[in-house]
Amino acid sequence: MLADIIDRRQIKTDAESLAIWGKDWTNGFNVAPSAVVFPETNQQVVDIVHYAIKAGLRLVPSGGRTGLSGGAVAERGEVVVSFDRMNQILDFNAEDRLVTCQAGVITQVLQEFAAAQQLFYPVDFASAGSSQMGGNVATNAGGIKVIRYGLTRDWVAGLRAVTGTGALLDCNNGLVKNATGYDLRHLLIGSEGTLGLITEVDVRLAAQPEPQTVMVVGVPQVLDLLNVLNCFNSQVTLSAFEFFSDLALQKVRAHRDLPAPLADAVAYYALLEFDASAMDAASTAFEQCLNQGWVVDGVVSQSQAQADALWQLREGISESIAPYTPYKNDLSVCIHDVPDFLADVDRFVAESYPDFEVCWYGHIGDGNLHLNILRPEHLSVEEFMAKGHAMSPKIFELVRARGGSISAEHGVGLLKRDFLNYSRSEQEIALMQGLKQLFDPHQILNPGKLLAAGV
Ligand code: S2G
Ligand code: ZN
């Protein structure tokens, strides 16, 4: 049917393609798209939406397929709209420091393009090598530099998107200032393909930072991580403040054959990044933390290669624990709440799930914790996922008690859809459903993601 409106070479229906493009990095969901279509222009995306309305097709937008909440999973015969072939950088303006990317531009390609203009695209995370700009905008991707540079949302100066009525919206057009009503750009950012299919993004670029230094310190008491953060934050402009447990470090070292960062193992580690010119201030802060007993040891990169090696210890975690089919939760609370929240969760899991190994890591400088439970040998994946789903509401209760988020940066997708009420009020959810009705009256855009379908 689709061949009526798009070249056959842009349509795949073979089983292997359906299996590849029908999912993202999330496991545990049925993968059953009916076809994959590869538009090459905005107009083709418009035509696909108009056709879907007429033919009663439902569409799942697909970018780098690195999502962790099932946001790009086609589980019920939907047509996957892949932006792989809309992967060009269309324009760049040095005065505006703006680059216009098609949705399929890989994050790393944009980072390298920015560097070639002596500028900097400051949103970075482990999947930068395969994630795409459209998906980054659709999930408001965060990552490891948020503490200094904010999230994707902060760098989107404009975007083009096709709504569920087939309207091609051109939002904000790269303007710095535009006080002319509701900023629809910010509705579409983080909407996970449920309000519109993002086809192009006008991205603002930052000035190139000076050379960075990376420090890894050993923190025996998890609660002291926040003391270390506060001590450094008061004296150093941090580009990153990440943490990971010794269990996470063991898995990365085994998976990537990397040396330990410190002479002795410590229960927790913090990875800090800051301008090389702030080394003296960082040394002072380190000494203070040492005197307080908050840290016991530390290492500082002396070269870019050493900085990259230290970053591997953090950025390699997700991939290194994947073989343990971890049960993931991506949680956030206000920074001042992190110590008590961490203690709440650790206590709850130890009491209720003594056989669960908790692998803690994340962007603790943003109050964002990645709670990964590694699958115990004696449980099958199905049994383990079922136990995880039963455990999550109790974890979300701890999140709600502190006004936190049940999905800090990975989005809602399918995985967290039924738990929105732990972090959003009924009034807010009703308004979100109203917006969904306005932008996608035929319920064809990523149905069932973020919001329960058909409401
Ligand atoms: C991270 C990556 C995905 C995961 O490493 O910061 O956001 O495994 C994560 O949780
Ligand atoms: Zn993360």
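Fair warning: this is a prediction, and the values are worked out from it, not measured in the lab.

Quick rundown of the environment of Arg-8? Include the residues and the values.
Within the secondary structure, Arg-8 sits in the segment before strand E1 (11-12). Taking the C-alpha atoms as reference, Arg-8 lies 9.1 Å from Val-37; in sequence the two are 29 residues apart.

So what's going on with helix H7 (residues 224-233)? Which residues, and what values?
The element H7 is largely enclosed, with a buried count of seven among its 10 residues. Among the residues of H7, Asp-224, Leu-225, Leu-226, Val-228, Leu-229, Cys-231 and Phe-232 are the ones counted as buried.

Which residues make up the coordination of the zinc ion (ligand 2), and what values do they have?
Around the zinc ion (ligand 2), the protein contributes the donor atoms His-363 (NE2), His-370 (NE2) and Glu-409 (OE), which lie 1.8 to 2.1 Å from the metal centre. In terms of primary sequence, the donors binding the zinc ion (ligand 2) are separated according to H-x6-H-x38-E. On the criterion of sequence distance, the pair formed by His-370 in strand E18 (residues 368-374) and Glu-409 in the loop between helix H13 (381-401) and helix H14 (426-439) is long-range, its members being 39 residues apart. Comparing His-370 with Glu-409, the two get one shared label, buried.

Any chance you could break down the site of ligand 1 for me, citing the residues and the numbers?
The local shell around ligand 1 consists of Leu-68, Arg-314, Ser-318, Lys-328, Tyr-361, His-363, His-370, Glu-409 and His-410. Between an oxygen atom of ligand 1 and a side-chain N or O atom of Tyr-361, the distance comes to 3.0 Å. One of the side-chain nitrogen or oxygen atoms of His-410 is found 2.8 Å away from an oxygen atom of ligand 1. Coverage of ligand 1 by the protein amounts to 89% of the 290 Å² it exposes when considered alone. Class assignment for the residues of the shell around ligand 1 results in two nonpolar, four polar and three charged.

Please provide a residue-by-residue account of the nonpolar core, values included.
The biggest cluster of nonpolar side chains holds 51 residues, and the ones touching the most others in it are Leu-225, Phe-232, Leu-272 and Ile-364. Excluding residues within four positions of it along the chain, Leu-272 makes contact with Thr-213, Val-214, Met-215, Val-217, Phe-232, Leu-238, Ala-240 and Phe-241. Among the nonpolar cores identified, the runner-up in size contains 29 residues, and Tyr-121, Trp-155, Val-156 and Ile-198 belong to it.

So what about the pairing of strand E4 (residues 79-82)? Which residues, and what values?
Along any regular strand the residues' side chains alternate between the sheet's two faces. The two faces of E4 match: Val-79 and Val-81 on one face and Val-80 and Ser-82 on the other face are all buried. With three bridges joining them, strand E2 (residues 35-37) and E4 adopt parallel strand pairing. In the strand pairing of E4, Val-37 is matched with Val-81. Taken together, the four bridges between strand E3 (residues 59-62) and E4 define a ladder with parallel strand orientation. From the neighbouring strand, Ser-62 faces E4, where its bridge partner is Ser-82.

Here is what the cut-offs are and how they apply
Residues numbered from 1 in each chain as written. Chains lettered and ligands numbered in written order. Predicted model: local features only at pLDDT ≥ 70, side-chain atom pairs only at ≥ 80, totals over all residues. Heavy atoms only, no water. Helix = DSSP H or I, 4+ residues; strand = E, 2+ residues; numbered from the N terminus. Buried < 20%, exposed > 50% of the residue type's maximum accessible area, 1.4 Å probe, protein only. Donors = N, O, S within 2.8 Å, 3.2 Å for Na, K, Ca; no water. Near = heavy atom within 4 Å. Polar contact = N/O pair within 3.5 Å; in protein donor to acceptor, adjacent residues only side chain to side chain. Areas by Shrake-Rupley, 256 points an atom, 1.4 Å probe, with all protein chains shown as cover. Nonpolar A, V, L, I, M, F, W, Y, C, P; charged D, E, K, R; others polar. Core = buried A, V, L, I, M, F, W, Y, C linked by side-chain atoms within 4.5 Å. Contact = heavy atoms within 4.5 Å. Pairing = 2+ DSSP bridges.

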